[in-house]
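A closer look at the structure
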Amino acid sequence: MTKLKYERPVIKKMNAGLMNKFGTRTEYQPVTHIDGVGVKDMIKKYGSPCFVISEKQIRRNSQNANRAFKTRYPKVQFAWSYKTNYINAVCNVFHQEGSWAEVVSGFEYNKALGNGVPGNKIIFNGPDKSEKDIREAILNDSMLHIDHFDELYSLIELCEAMDRKPRVAIRVNMDTGIYPMWDRFGFNYENGSAWNAINKIVASGKLNLVGLHCHIGTFMLAPWAYGVAAGKLCDLMYHCKTQLNVSIQYLDLGGGFPSANTLKGAYLPGSDTVPSIEEFAEAITTTILNYGFKQDELPLLILETGRALIDDAGYLLGSVLANKRLSDGRRATIMDFGVNILFTSFWYDHKISPAQEFTHHSEDMVLYGPLCMNIDIVRESVNLPLLNKGDQVVVHKVGAYNMTQWMQFIAMRPNVVLIDMKGTTHLIRKAETLKYMEEMELMPTFLNNK
Ligand SMILES: *Cc1c(COP(=O)(O)O)cnc(C)c1O
């Protein structure tokens, strides 16, 4: 018999914590496998921490979202939001599922081209497009989504010089009943600025206005807000036709659907409260279909969904470095991953499962990351079975934004692994090395001490 680990007795303040109507949840299940692959085997092979992505889950999410919209509306196209996760292998799963690319910088634009996405299936959004980026996008017949008047004027000037008539859309921001309003991007609907931009585009004769775009927010919990947004884009499209004789070919409703993560401070877990993609599809497609367009004039509906399609396909595997007691007696567990690679722990209460069997003795604890920095907290207060040094954990739903917003701070970024449809693992991004990190540094000779 192995000797049981000694746990020093402590006096605990009774703390009800954040109860919900089901009481506090104390039952756990160890997560020992992901898509049939052993968690401990992956950690042995790829190190701790490491990110794991399920190809099966990406395809399932993508097909589910396509089904939700295509069963309700005849013309639907998804465009993968690169900034949500632009590891090339991940993007290519989406492209294999039929997604175009949605990019917000020259860097992302070139990544999409490098992944083999044809230029005319790339949507170029965002306030920061250099003249060089715009020239390239024009030559490739990409869709340029104009963000502000300065961009519009320089685009008109450029088209005159290049003698090309690019396909453009404007980004529209609007009051959808959700506050704070995202009004920093694009042209406002209510104050007439969107209509003004449309008039200037059409009057210039230099640009081919093919679409109208909005992206009303992120982690949006109100499907009806998308109905409001779709209605306002339909109004603009209708006025384009009746007043300017311009046929708009597509309405792009952007992204923003939530994943099933739990926002900090939420009363109930996200998996119980987040609306399904069908509810968003229903709100959007009903509005467009009922607007009154003729059947053959219905616009193509584009969606730039990011988070909702990738979050639950991503896992972070990690290990316990140490346990300690804080001065108030609280248990603190230090993990080998922190906010440097798990950026989303700033706003989500990520679900964390032990990767091995455990005793059913649990305790409220704080989970810290390994950084020498006070804000490096993975969970401020979570009730978990006691984790010992060397134990391993699985963090759930980390596929969105972590692998693009991760910081190279104090430590380097870890391996990223894809589990394919057959349950084989593939390294899709190597852990960084000191050599890689220092490749961009230069040493003036007078400081070279070697
Ligand atoms: C970030 C972004 C998206 C994706 O947003 P999600 O909330 O991840 O779905 C889509 N379109 C634009 C313009 C964006 O900036």
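Residues numbered from 1 in each chain as written. Predicted model: local features only at pLDDT ≥ 70, side-chain atom pairs only at ≥ 80, totals over all residues. Heavy atoms only, no water.

Let's shift gears to the overall build of the protein chain. A tally of regular secondary structure across the protein chain gives 13 helices and 20 strands. For 450 residues, the compact-globule estimate of 2.2 N^0.38 gives 22 Å, and the protein chain sits close to it at 25 Å. In terms of overall dimensions, the protein chain has C-alpha extents of about 85 × 65 × 45 Å along its principal axes. Per-residue burial for the protein chain yields a buried fraction of 52% across its 450 residues. The long-range fraction of contacts in the protein chain, counting pairs at least 24 apart against all pairs at least 6 apart in sequence, stands at 69%. Working note: accessible area of the protein chain is about 21,800 Å², and carbon and sulfur atoms make up 53% of it. (Helix = DSSP H or I, 4+ residues; strand = E, 2+ residues; numbered from the N terminus. Rg over C-alpha atoms; globule rule 2.2 N^0.38 Å. Buried < 20%, exposed > 50% of the residue type's maximum accessible area, 1.4 Å probe, protein only. Contact = heavy atoms within 4.5 Å. Areas by Shrake-Rupley, 256 points an atom, 1.4 Å probe, with all protein chains shown as cover.)

Attention now goes to the state of the cysteines. Tallied over the full model, the rule gives zero disulfides. With no disulfide of its own, C159 lies closest to C240 among cysteine sulfurs, the gap being 18 Å. Look at C159 and you get buried, because its relative accessible area is 2%. Take C214: it sits in no disulfide, and the sulfur closest to it among the cysteines is that of C234, at 10 Å. Judged by its relative accessible area of 1%, C214 falls in the buried class. (Disulfide = S-S within 2.5 Å.)

Here the amide bond leading from S48 into P49 is cis, since omega sits at -5°, within 30 degrees of zero. Mapped onto the secondary structure, P49 falls in the loop between α1 (39–46) and β3 (50–54). Following Y179, the chain continues to P180 via a peptide bond in cis, the omega torsion being 0°. By the secondary structure assignment, P180 is in the loop between β8 (167–173) and β9 (187–188). Residues other than glycine seldom take positive phi values, yet F219 does so here, at roughly 55°. In this structure, F219 sits in the loop between β10 (208–213) and α8 (223–244). Overall, the relative accessible area of 11% leaves F219 in the buried class. At K397, a residue that is not glycine, the phi angle is positive and equals roughly 55°. Looking at the element boundaries, K397 is found in the loop between β18 (392–395) and α12 (402–405).

The subject of this paragraph is the packing of aromatic side chains. As enumerated under the stated definition, the model contains 17 aromatic pairs in all. Plain terms: the ring middles of F219 and Y348 are 5.6 Å apart, the flat faces sit at 55° to each other, and that makes the pair tilted. Here F219 is found in the loop between β10 and α8, whereas its partner Y348 is found in the loop between β14 (331–335) and β15 (352–354), with 129 residues between them in sequence. Y348 matches F219 in its accessibility class, with the two residues each being buried. (Phe/Tyr/Trp six-rings, centres within 6.5 Å; stacked < 30°, edge-to-face > 60°.)

Our next topic: the environment of Q249. Within the fold, Q249 resides in the loop between α8 and β11 (250–252). Residue Q249 is classed as partly exposed on the basis of its relative accessible area, which comes to 46%. When the C-alpha positions of Q249 and G211 are compared, they lie 5.8 Å apart, and in sequence the two are 38 residues distant. With residues near it in sequence (within four places) discarded, Q249 still touches V210, P299 and L300.

A separate point is the pattern of salt bridges. In the structure shown here, the tally under the stated rule is 15 salt bridges. Across the pair E151 and K129 runs a salt bridge, and its minimum N-O distance is 2.9 Å. With a gap of 22 residues between them, E151 in helix α6 (residues 149–162) and K129 in the loop between β6 (122–124) and α5 (131–139) connect regions that are remote in the sequence. Grouping residues by exposure puts E151 and K129 together as buried. A salt bridge links D141 to R167; the shortest N-O distance between them is 3.2 Å. (Salt bridge = Lys/Arg side-chain N within 4 Å of Asp/Glu carboxyl O.)

Glancing now at the site of the ligand. Around the ligand sit 16 residues in total, of which K83, T218, G256, E304 and Y401 are the nearest. Within the side chain of T218, an N or O atom sits 2.5 Å from an oxygen atom of the ligand. Take Y401: an N or O atom from its side chain is 2.6 Å from an oxygen atom of the ligand. Here the ligand has 390 Å² of accessible area as a free molecule, and 95% of this is covered by the chains. Looking at the shell around the ligand residue by residue, the classes come out as one nonpolar, ten polar and five charged. (Near = heavy atom within 4 Å. Polar contact = N/O pair within 3.5 Å; in protein donor to acceptor, adjacent residues only side chain to side chain. Nonpolar A, V, L, I, M, F, W, Y, C, P; charged D, E, K, R; others polar.)

With that out of the way, let us pick up the domain arrangement of the protein chain. Taken as a whole, the protein chain is organised into domain 1 (27–51 + 312–432) and domain 2 (55–311). The gap between the C-alpha centroids of domain 1 and domain 2 is 33 Å. Counting residues at the interface gives 26 residues for domain 1, matched by 26 residues for domain 2. Buried area between domain 1 and domain 2, summed over both chains or domains, comes out near 2,400 Å², and the portion from carbon and sulfur atoms is 54%. Broken down residue by residue, the surface that domain 1 buries against domain 2 is led by Y348, Y401 and M421, which jointly contribute 28%. Across the domain 1-domain 2 interface, the total number found is one salt bridge. A salt bridge links E380 to K264, with the nearest nitrogen and oxygen atoms 3.4 Å apart. At the junction of domain 1 with domain 2, the criterion picks out 20 residue pairs in polar contact (both at pLDDT 80 or more). In terms of residues, the side of domain 1 that touches domain 2 owes the most to one element, strand β19 (residues 416–419), which gives three residues. (Domains from an automatic or database assignment. Buried area = accessible area lost by both parts, 1.4 Å probe.)

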